[in-house]
Amino acid sequence: MMQNSRFKLSALAIATAMACSPAAFATNGYFTPGYGIKANGMAGVGVAFPQDSIAAATNPAGMAWIGNRVDVGLELFNPQRDASLDATGMGGVPAQAKSGATLFAVPDAGFAMNMSGLTVGFTMYANGGMNTRYNQNIYFNALAPAVPGFVTQLVSNPPYNNAGDQATIGGNAAALGGNPAASSTLGVNLAQLILAPSVSTKIGDSNSVGASLLIGYQRFRAYGLGLFEGLSSSPNNVTNKGDDDAWGSGIRLGWTGKLNDSLTLGASASSKIYMQKFNQYKGLFADQGAFDIPANYAVGLSLKPSSNVTVGFDVQRILYGGVAAIANSGPTADQFFQDLAAALTFGSSAPSPATGHALGTSAGYGFGWQNQTVYKLGVAYQYSDQWTFRGGVNYGKSPIPADQNFFNIIAPGVVETHATLGFTFSPTKSNEFSVMVLHAFRKDQSNRYTATNGAFYDANIGMSQNEIGAGYSWKF
């Protein structure tokens, strides 16, 4: 019964996702700068400056101030990602590639309605994700030429210098080279959709509070990671398992307070969205496939220096460090060499990688992402009753330390600085058309991994992004 119910829910979510094409992408780590065309025209500002019903995705308390309305939007997202791995320092070769899949459609929608002092609403939005699709396997192409050297070293030194061990190691090496999951194209896709029924109410004339139930759906697949099957606690659940999906839930609370006619403050906090595990990838992600959506919180203010100008400023903290699959560190050079040697020596019968960080376990290797603080500054200028113009900048230091580049070849979310512009045209009092554009400036990140024996390899990742979006709003 439970499996049947999960299947029906999954089918419904997939149908919704396919109809709206909520793609996987990355900006502030793998969170978006903001939610809604208007907010994104101001670099994501929205904690203390609600402009539409989609603002509930940032701060549900803002719904109390926006009136009755329906909002829909669609953004076309164009990330440019590339990576390289140079293994000449360990007997391998250089390999580099640009990721395909460079255009995604990202939807959002919401409505809000006042019902006798209580505003109720519903928001649907895509909460980022990770996606890469390389037309070659960077890991395999760079590292496979080094494997014969590893084999020679292993079979020429005790305790593996007997004929039986030599045959085993050679056979495992041959199996690694013939594994289509190791030498195929390389990539991952993580898509997330969040449904948020919300309520908000005013407290007096100057304050409001709100709450949202966060219903999360996510879908994941990985391919081309066969090189790491020998580093896993469940080698058959690392890669090339097709799409797997998961549901989860959390909560967001918010407050908005108007100190005077010129200054408004706001705050919101979202719990972790506790997700079902990716069972098909329990050998890849820490804690047997767990991949929760991180908790986050934000504070903000909006200031009106004049009647037609609003300046907004938000600070958001994203707690990537609270999700083991994201936060656990990837291997150092020594750890990778030790675990590769163990995989070649024991093959799939190895009880655990030599370093004790088997993929899929609680201490398993991850992406090494750190908590991120994001700063958002935006300006809205109401030129007339029909035209409003927006702009903003958004900055968040990359959550990926350079020494974590190796695994993040498949998830290079390193961009830091974004610039945005936008406008709204209101032909009537009840209809609005909004447009926004975003550019995330290119960020490159390099690191050399050096082992105690002197062998080394270089991992480099880079990304830039462009985005354009349009939306329609009906006020009633």
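Report follows, based on the coordinates. (Residues numbered from 1 in each chain as written. Predicted model: local features only at pLDDT ≥ 70, side-chain atom pairs only at ≥ 80, totals over all residues. Heavy atoms only, no water.)

Taken as a whole and assessed by the stated rule, the structure comprises 35 aromatic pairs. Look at Phe228 and Phe406: their rings are 6.1 Å apart centre to centre, the planes differ by 80°, and that puts the pair in the edge-to-face class. With Phe228 in the loop between strand E6 (207–223) and strand E7 (244–258) and Phe406 in the loop between strand E13 (387–396) and strand E14 (417–428), this residue pair connects regions lying 178 residues apart in the sequence. Overall, the relative accessible area of 4% leaves Phe228 in the buried class. Clustering of aromatic rings is evident, with ring pairs tying together Tyr139, Phe150, Phe228, Phe336, Phe337, Tyr365, Phe406, Phe407, Tyr449 and Tyr457. For the cation-ring pair, Lys258 lies above Trp65, with the distance from its terminal atom to the ring centre recorded as 4.8 Å. (Phe/Tyr/Trp six-rings, centres within 6.5 Å; stacked < 30°, edge-to-face > 60°. Helix = DSSP H or I, 4+ residues; strand = E, 2+ residues; numbered from the N terminus. Buried < 20%, exposed > 50% of the residue type's maximum accessible area, 1.4 Å probe, protein only. Lys NZ or Arg CZ within 6 Å of the ring centre and 35° of its normal.)

A few words on the pattern of salt bridges. Tallying each qualifying case throughout the model produces 9 salt bridges. Ionic pairing is found between Asp82 and Arg442, a salt bridge with its closest N-O pair at 2.8 Å. Residue Asp82 is located in strand E1 (residues 69–86), and its partner Arg442 is located in strand E15 (residues 431–450); the two are separated by 360 residues in the primary sequence. A single salt-bridge network, built from bridges that share partners, covers Lys38, Arg69, Asp71, Glu432 and Lys475. (Salt bridge = Lys/Arg side-chain N within 4 Å of Asp/Glu carboxyl O.)

Below, the discussion takes up the layout of surface pockets. Taken as a whole, the largest pocket encloses approximately 820 Å³ of empty space. Around the largest pocket sit 38 residues that line it, and Phe49, Pro50, Gln51, Gln382 and Thr388 are the ones nearest its centre. Sorting the residues of the lining of the largest pocket by element identifies E7, strand E8 (263–270), strand E10 (296–306), strand E11 (309–318), strand E12 (372–382), E13, E14 and E15 as the ones contributing at least two each. Across the lining of the largest pocket, the residue classes tally to 11 nonpolar, 17 polar and 10 charged. Here the second largest pocket defines a volume of roughly 400 Å³. Forming the boundary of the second largest pocket are 23 residues, of which Phe150, Gln153, Leu154, Ala341 and Asn453 lie nearest the centre. Sorting the residues of the lining of the second largest pocket by element identifies helix H4 (147–155) and helix H9 (333–346) as the ones contributing at least two each. Top contributing element to the lining of the second largest pocket by residue count: H9, with 7 residues. When the residues that make up the lining of the second largest pocket are grouped by side-chain class, the tally is 14 nonpolar, 8 polar and 1 charged. (1 Å grid on protein atoms, 1.4 Å probe; cavity = no way out; pocket = protein on both sides within 12 Å on 5 of 7 lines; lining within 4 Å. Points joined across faces, edges and corners; volume = space filled by probe spheres on them. Nonpolar A, V, L, I, M, F, W, Y, C, P; charged D, E, K, R; others polar.)

Here E11 runs beside E12; their pairing, made up of 10 bridges, is antiparallel. Bridge pairing in E12 places Ile318 opposite Gln372. Pairing of E12 with E13 involves 9 bridges; the strand directions are antiparallel. For Lys376, the partnering residue across the bridge sits in E13 and is Asn394. Between E12 and E13, which pair antiparallel one after the other, the connecting turn spans 4 residues. (Pairing = 2+ DSSP bridges.)

Attention now goes to helix H5 (residues 163–177). When the terminal C-alpha atoms of H5 are compared, their 21 Å separation across 15 residues agrees well with the 21 Å that a helix rising 1.5 Å per residue should span. Listed in full, the buried residues belonging to H5 are Ile169, Ala173 and Leu176. Angular distribution of buried residues about the axis of H5 spans 60°; they occupy a single face of the element. Residues of H5 that are exposed and angled more than 90 degrees away from the buried face: Ala163, Ala167 and Ala174. Considering only its buried residues, H5 is in contact with helix H3 (138–143), H4, helix H6 (180–183) and H9. A distance of 2.8 Å separates the backbone nitrogen of Asp165 from a side-chain oxygen at the start of H5, and that oxygen is part of Asn162. (Expected span 1.5 Å × (residues − 1). Arc of directions from axis to C-beta. Contact = heavy atoms within 4.5 Å. Polar contact = N/O pair within 3.5 Å; in protein donor to acceptor, adjacent residues only side chain to side chain.)

By themselves, these are just geometric observations and shouldn't be taken as functional.
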